Amino acid sequence: MINFLILISLIVVLITLSQIIRIFEISNKIKNSRESDITYKDNDRQGKLLLTFGFLFIASFFLMNAKWTKSLLPISASEHGHEIDLLMNISLGLIIIVFLILQPVLFYFSYKYRGVKNRKALFITHNNKAEIIWTIIPGIVLTVLIIYGLQTWSKVMDRSNIDDALVIEVYGRQFDWTARYAGEDNFLGNANVRFISDANILGVISNDSYKSQIFNINKKIDKLKNQISGEKNYIKKNQLSKRYEKMISKKLRFSTLKEKTPKDLLKAADDDIVVREIHLPVNKKIHMKFRAQDVIHSAYMPHFRVQMNCVPGMNTDFVFRPTLTTEEMRKEVKNEDFDYVLLCNKVCGGAHYNMQIKIIVESEEKFNQWISGQTKFALSYLN
Amino acid sequence: MSENHNHSENFFSKYIFSIDHKMIAKQFLITGMTMGIIAMVMSALFRLQLANPGEPNQILSFFLGDWAQGGVMDPNMYLALVTIHGTLMVFFLLTGGLSGTFANLLIPLQIGARDMASGFINALSYWFFFLSSIIMLSSLFVESGPASGGWTIYPPLSAVPQAMPGSGLGMTLWLISMTLFIVSSLLGGLNYIVTILNLRTKGMTMARMPLTMWAIFMTAILGVLSFPVLVSAVLLLVFDRSFGTSFYLSDIMIQGEVLANSGGSPVLFEHLFWFLGHPEVYIVLLPALGITSEVIATNSRKPIFGYRAMVGSIFAIGFLSFIVWAHHMFISGMSPFLGSVFTFTTLLIAIPSAVKAFNYLATLWKGNLQFTPAMLFSIGLVSTFITGGLTGLILGDSALDINVHDTYFVVGHFHIVMGLSATFGAFAGIYHWFPKMYGRMMNKTLGYIHFWLTIVCAYGVFFPMHYLGLAGLPRRYYSNTAFPMFDDLVNINSVVTFFAATAAIVQLIFLFNFIYSIFRGERAVMNPWKSNTLEWTTPVERIHGNWPGKIPQVYRWAYDYSKPGSEKDFIPQNIPLKSDESESL
């Protein structure tokens, strides 16, 4: 019924509109003018409207600034973030100045030179001097921006002094994050997607995880062997032996993966710590490494001005130094419940909008206390 | 191309399988507009979801059926809507629709040719476009949903069918549709280039061509050089999806299953995609800038300021657009050194863009502006081109991109500089050349109302998005309720949705005006805007071969408006120079 009413009212609106247009057309005919002709009255009215719009546009820009600036990200919680913010503020300031010059000029010109009777436009085809000036000035400004931007970029991307940095791996998959700390040796063990199991969600390669994988495969192989010897049906037997061969080659792959991994890297995995919450010691350099299991994710930590894609089959990383603890930031934003967060910023599927992991920045003592309470990777295979 | 235009036409040869460039232009226009309307409705739907996340809404269940059970949108459907909205808008409306319409309509008319170099290839180009549109739309009705990995379809999300529902059949259809679309675009582009180079009338030197022609010429070159790269990217993706190759895949476990692929890299796809993807931005934008140059000069009654600089900047933009693609990938994990190189080239593109903006302003300066609806939209384009171009300086800077990459800042930026500018250019073109297409005028008053409501709503939608982005809100989020840090942003989101819904409704005014004017609009005169270009020397009625007699000869450039020594304030290109008159350029 409601749909029907909507349809009826739509039709009525359409009929009314076309009738109104007819009336305009007929009245124009009487006045002996054409509706589509642009009259000086039109020019005057539209020119004034353009000026008004320009004014309101600029005014609403200031209004939005006044209302929404407080919702923007708070000050950076990382060292390099301040450099980025400074560059950002300078660039924003610059483009706002240009915006505030060019938009008013555009709307003012539109108003000022609206068509009037008996005026002829100025015939001017070009002016080399003016054009050179407005090519060179943006050129100079951009050169400055480029040089400054590249300096900041190379500082942020600097990897030359990271031996003492705390190594943490962040691992993305649909739709959650897992973190791995490198442990006492500050060295992450190798990982491969084929080693993933319930007990080893990151696929870390270590002596234990290898043994456990081989143990499971052997179990399956034994089972298949029994099945094959007991099976009388030729076709089924054939199928089973195919699966058996597959298992054997899988076992071989595991062995090569393990053999390819250097001995000390196998050991390095033992003291790794896998957790579901990221803790960072304040004022310590963090070397964060990223991996992904299934599709591209992006690890975005807006408060630290850090973002890096996590790509399956590839290692990416980012180096930064947190400077404000969670407590300090809570005071800064005047919100007792504030928490740092790492969120996914590359579309990865249905629950992409809720793929997050909490980050806690705390003093080094607290951090050490926390990490000593976590289970080492080798120990997770004991029970 | 015979000069005998008296052959009989039936309904099919006239309206359906026409090889007349003017009819093909209309076919592109109507198809493109249809795709645009569908994409716009989609955007209104996902904006409704964003303003009231999770709240039941009957409108959603009306449009989406089982994808919004009880009026609550499915997150996968949200991503599908975003993806198809982007695909339809970027490729089908603003590439196929915009270039297809105005290149086909204007090239023969403005350079003085009877038709395109190959009318048949031209028709073929449209039919590939039509076919790809149908396939793209049919993917909306697939049970597992249309492609939903974003319009950039990064693998592995797009490459592994089990990664998400939309990566199944929906993605396959997307790839088929895009391949056909590229065929269409290449056929069209080659035809445009050949026609412009070979079929110019006597006296129409390259240097006398209207700027629209230069813009379309450069657009066609960009398309012909960059679209094949997307075909290869798409083909490799099809191989990965169907034939077990590993171009983009390596070490993946998905839904508990380890894939056998190894050795590939998704970053390869990103490079291939953006090698098209960035020139594509200018494929969308340049025709709009060309249209605007023409409309602004005509309605300012003044020559376009700095014609040579305008042509030069079209070339500079075209060239630079090929060496900036990786600015979409600063944080993809590629080498930071590459990031530096691409920052440098990206920011350089601001120089020719600035020259264009300044030249538009200088053209308005001391003009005698006639505010036709087309002129208003062109002024709107200059405004959005400035606004959106400026934020590009932030995003092109690799260091700044780290924190705003893939946030709403990007969404605001590219919608203003590319989406709005190109749409405004398209509107300007439709209002300006409607008399040429349909022999009737569009209603001026409705045009004014349409412009004012559109520009207010357009800025209302996209300007606040910069604040969302600076607050760190990622794009393609089904809802922002999962993070306390985004709670404050709900009211900004409501503002955006209000304007988006209004903007969608406002377009009905345009649609009404368009359809009404086709049938009942005021009859057009030969040269309603007192313009100089050749298309206005053709008769109002559509005829094959464009000019009933000989093709006019060209004696001057297209911008002799208000030239001193002439009584009228315009001198069409086919008027010979007076004995004491010197050529203006």
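Going by the structure above, here's the rest.
Residues numbered from 1 in each chain as written. Chains lettered and ligands numbered in written order. Predicted model: local features only at pLDDT ≥ 70, side-chain atom pairs only at ≥ 80, totals over all residues. Heavy atoms only, no water.

A. Representation of the overall build of chain A within the structure. A tally of helices and strands in chain A yields 9 helices and 10 strands. Taken over C-alpha atoms, the radius of gyration comes to 33 Å for chain A, far larger than the 21 Å a tight globule of 383 residues would show. In terms of overall dimensions, chain A has a C-alpha envelope of 105 × 60 × 50 Å along the principal axes. Counting all 383 residues of chain A, 46% fall into the buried class. When contacts within chain A are restricted to residue pairs at least 6 apart in sequence, long-range pairs at least 24 apart make up 72% of them. Of the accessible surface of chain A, which amounts to about 20300 Å², a share of 59% is contributed by carbon and sulfur atoms. Averaging the positions of the 52 positive and the 38 negative side-chain charges in chain A gives two centres separated by 10 Å. (Helix = DSSP H or I, 4+ residues; strand = E, 2+ residues; numbered from the N terminus. Rg over C-alpha atoms; globule rule 2.2 N^0.38 Å. Buried < 20%, exposed > 50% of the residue type's maximum accessible area, 1.4 Å probe, protein only. Contact = heavy atoms within 4.5 Å. Areas by Shrake-Rupley, 256 points an atom, 1.4 Å probe, with all protein chains shown as cover. Lys, Arg positive; Asp, Glu negative; His and termini not counted. Charge placed at Lys NZ, Arg CZ, Asp CG, Glu CD.)

B. Fine view of the pattern of salt bridges. Scanning the entire structure with this criterion turns up 27 salt bridges over all chains. For Asp272 of chain A, the salt bridge goes to Arg180 of chain A, with nearest N and O atoms at 2.7 Å. With a gap of 92 residues between them, Asp272 of chain A in the loop between α7 (263-268) and β3 (273-275) and Arg180 of chain A in strand β2 (residues 176-181) connect regions that are remote in the sequence. Linking Asp560 of chain B and Lys563 of chain B is a salt bridge whose minimum nitrogen-to-oxygen distance equals 3.8 Å. As far as the burial class goes, Asp560 of chain B and Lys563 of chain B line up, both buried. (Salt bridge = Lys/Arg side-chain N within 4 Å of Asp/Glu carboxyl O.)

C. Structural view of the nonpolar core. Judged by nonpolar contacts, the single largest core of 277 residues is most densely connected at Tyr181 and Ile278 of chain A together with Phe91 and Phe514 of chain B. In terms of residue count, the dominant contributor to this core is helix α4 (residues 75-111) of chain B (22 residues). Domain assignment of the residues forming this core places at least three in each of domain 1 (10-117) and domain 2 (164-182 + 272-378) of chain A. Ile205, Ile214, Leu240 and Leu257 of chain A belong to the second largest nonpolar core, which has 13 residues in total. (Core = buried A, V, L, I, M, F, W, Y, C linked by side-chain atoms within 4.5 Å. Domains from an automatic or database assignment.)

D. View of the interface of chain B and chain A. With 131 residues of chain B at the contact, the number on the chain A side is 107 residues. With a closest N to O distance of 3.9 Å, Arg194 of chain A and Asp251 of chain B form a salt bridge. Linking chain B with chain A are 36 residue pairs in polar contact (both at pLDDT 80 or more), by the criterion used here. Of the residues forming the side of chain B that touches chain A, the biggest block, 12 residues, is contributed by helix α15 (residues 444-470) of chain B. For the side of chain B that touches chain A, the class distribution of residues is 80 nonpolar, 31 polar and 20 charged. (Polar contact = N/O pair within 3.5 Å; in protein donor to acceptor, adjacent residues only side chain to side chain. Nonpolar A, V, L, I, M, F, W, Y, C, P; charged D, E, K, R; others polar.)

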